[in-house]
Amino acid sequence: MTTTATGSRVLPHPAREEIRLEAVLHALSDPMRLRIVLDLARDEDELSCSYFDLPVTKSTTTHHFRVLREAGVIRQVYRGTAKMNGLRRDDLDALFPGLLDALLDAAAGQARRLGTGADV
């Protein structure tokens, strides 16, 4: 497990070789977590936790980010007082070629089919 630190705050992240397919699929199986990943993929930059307006409590939002981080789907770092989130696309693409794009395309297709507007 590697760590990322800015200042004195350290968040544990799995190293690339520690990321497991079943953990990634589990993390992406939740609609709120998939929504976070869709937003990160669309923006292609780091986004603060406050950017996301999820219809759940703050503690549940924190849980979703932790699941994504611990699965190796996102990287979280502190920048000042903001916790910034970025998609670990390079790591996921290296380990599971085509998986992320296939999942994002499938989620966008489902959103169009259901009229939920969550296109990538």
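Each residue is numbered by its place in its chain's sequence as written, counting from 1. In keeping with the predicted nature of the model, local features appear solely for residues at pLDDT of at least 70, side-chain atom pairs appear and are counted solely at 80 or more, and the whole-chain, interface and lining totals rest on all residues. Values reported for side chains reflect all heavy atoms of the structure, with hydrogen atoms and water molecules removed beforehand.

Trainee: Quick question: what am I supposed to make of the pattern of salt bridges here?
Mentor: Between side chains of opposite charge, a pair can form when the charged atoms approach closely. Salt bridges are defined by distance alone: a side-chain nitrogen of Lys or Arg within 4 Å of a carboxyl oxygen of Asp or Glu. This structure, assessed with the given rule, holds eight salt bridges. For Arg20, the salt bridge identified is with Glu22, shortest N-O distance 2.5 Å. Members of the salt-bridge network, linked through shared partners, are Arg16, Arg88 and Asp91.

Trainee: Can you help me understand the sheet that holds strand E5 (residues 82–87) in this one?
Mentor: The strands that make up a sheet are held in pairs by hydrogen bonds between backbone atoms, and each pair lies either parallel or antiparallel. Ordered in space as E3-E5-E4, the three strands form an open sheet in which the pairing is antiparallel. Strand pairing shows two members of the sheet lacking a second neighbour, strand E3 (47–48) and strand E4 (74–79), which therefore form its edges. Two elements, E3 and E5, share two bridges in a ladder whose sense is antiparallel. Counted as the bridge partner of Ser48 is Met84 from E5. Most of the contacts of helix H3 (residues 58–71) go to E4, to which it runs at about 115°, and overall it touches E4 and E5. The rule for pairing is simple: two strands pair if DSSP sees at least two bridges between them. Strands are runs of DSSP state E lasting at least two residues, helices are runs of H or I lasting at least four, and both sets are numbered from the N terminus onward. In this analysis, two residues are considered to be in contact whenever any of their non-hydrogen atoms come within 4.5 Å of each other. A fitted line through C-alpha atoms serves as each axis, taken over the contacting stretch for helices, and the angle formed by two N-to-C directions is quoted from 0 to 180°.

Trainee: Quick question: what am I supposed to make of helix H1 (residues 21–28) here?
Mentor: Each turn of an α-helix holds 3.6 residues, which means side chains three or four residues apart point in the same direction. Categorising residues by exposure relies on relative accessible area from a 1.4 Å probe, with only protein chains included: less than 20% of the type maximum marks a residue as buried, more than 50% marks it as exposed, and the intermediate range marks it as partly exposed. By the burial criterion, the buried members of H1 are Val24, Ala27 and Leu28. Taken down its axis, H1 places every buried residue within 90° of arc, on the same side. Each element contacted by the buried residues of H1 is listed here: helix H2 (31–43), H3, helix H4 (89–95) and helix H5 (99–114). Here the arc refers to the directions that run from the helix axis out to each C-beta atom.

Trainee: Would you explain the packing of H2 against H5 in this entry?
Mentor: Each pair of packed helices can be described by the angle between their axes along with the distance between the axes. Viewed as axis vectors pointing N to C, H2 and H5 meet at an angle of 105°, and their least axial separation amounts to 11 Å. One way to sum up the angle between H2 and H5 is to call them roughly perpendicular. Residue-level inspection shows Leu34, Val37, Leu38 and Ala41 of H2 in contact with H5, the latter providing Leu100, Leu104 and Ala107. Nonpolar residues are Ala, Val, Leu, Ile, Met, Phe, Trp, Tyr, Cys and Pro. Charged residues are Asp, Glu, Lys and Arg, and all others, Gly as well, are polar. Partitioning the contact of H2 with H5 into residue classes produces seven nonpolar, no polar and no charged. Angle categories are assigned with fixed cut-offs, so that under 35 degrees is roughly parallel, over 145 is roughly antiparallel, 65 to 115 is roughly perpendicular, and the rest are oblique.

Trainee: In this structure, what is going on with the nonpolar core? I would like to understand it.
Mentor: Residues enter a nonpolar core if they are buried and are Ala, Val, Leu, Ile, Met, Phe, Trp, Tyr or Cys, with the set joined through side-chain atoms within 4.5 Å. Core analysis: the biggest nonpolar cluster contains 26 residues, and Val37, Leu68 and Val73 have the highest contact counts within it. Mapped by element, the contributors of at least two residues to this core are H1, H2, H3 and H5. Ranked by residue count, the leading element in this core is H2, at seven residues. In this structure Leu68 touches Ala27, Leu28, Arg33, Ile36, Val37, Val73 and Ile74, once residues within four positions along its chain are discounted.

Trainee: Can you help me understand the packing of aromatic side chains in this one?
Mentor: Given two aromatic rings, their pairing is described by the distance between the two centres and the angle made by the two planes. By convention, a stacked pair of Phe, Tyr or Trp rings (six-membered ring in the case of Trp) has centres within 6.5 Å and planes under 30 degrees apart, an edge-to-face pair has planes over 60 apart, and any other such pair is tilted. Counting across every chain of the model gives two aromatic pairs. Between the aromatic rings of Phe52 and Phe65, the centroid separation amounts to 5.3 Å while the plane-to-plane angle is 65°, which identifies the pairing as edge-to-face. Placement of the pair is Phe52 in the loop between E3 and H3 and Phe65 in helix H3, with a sequence separation of 13 residues. For the pair shown, Phe52 and Phe65 are each scored as buried. Feature note: the residues Tyr51, Phe52 and Phe65 constitute an aromatic cluster, connected by ring pairs.

Trainee: How should I be thinking about H5 in this particular structure?
Mentor: Every helix has an expected span of 1.5 Å times one less than the residues it contains. Given a rise of 1.5 Å per residue, 16 residues ought to cover 22 Å, and the 22 Å separating the end C-alpha atoms of H5 matches this to within 8%. All buried positions along H5 are accounted for by Leu100, Leu104, Ala107, Ala108 and Ala111. All buried residues of H5 fall inside an arc of 100° around its axis, so they share one side. Opposite the packed face of H5, turned more than 90 degrees from it, sit the exposed residues Asp105, Arg112 and Arg113. Where H5 is buried, its residues meet H2, E5 and H4. Positive phi appears at Gly115, one or two residues downstream of H5, with a value of about 70°.

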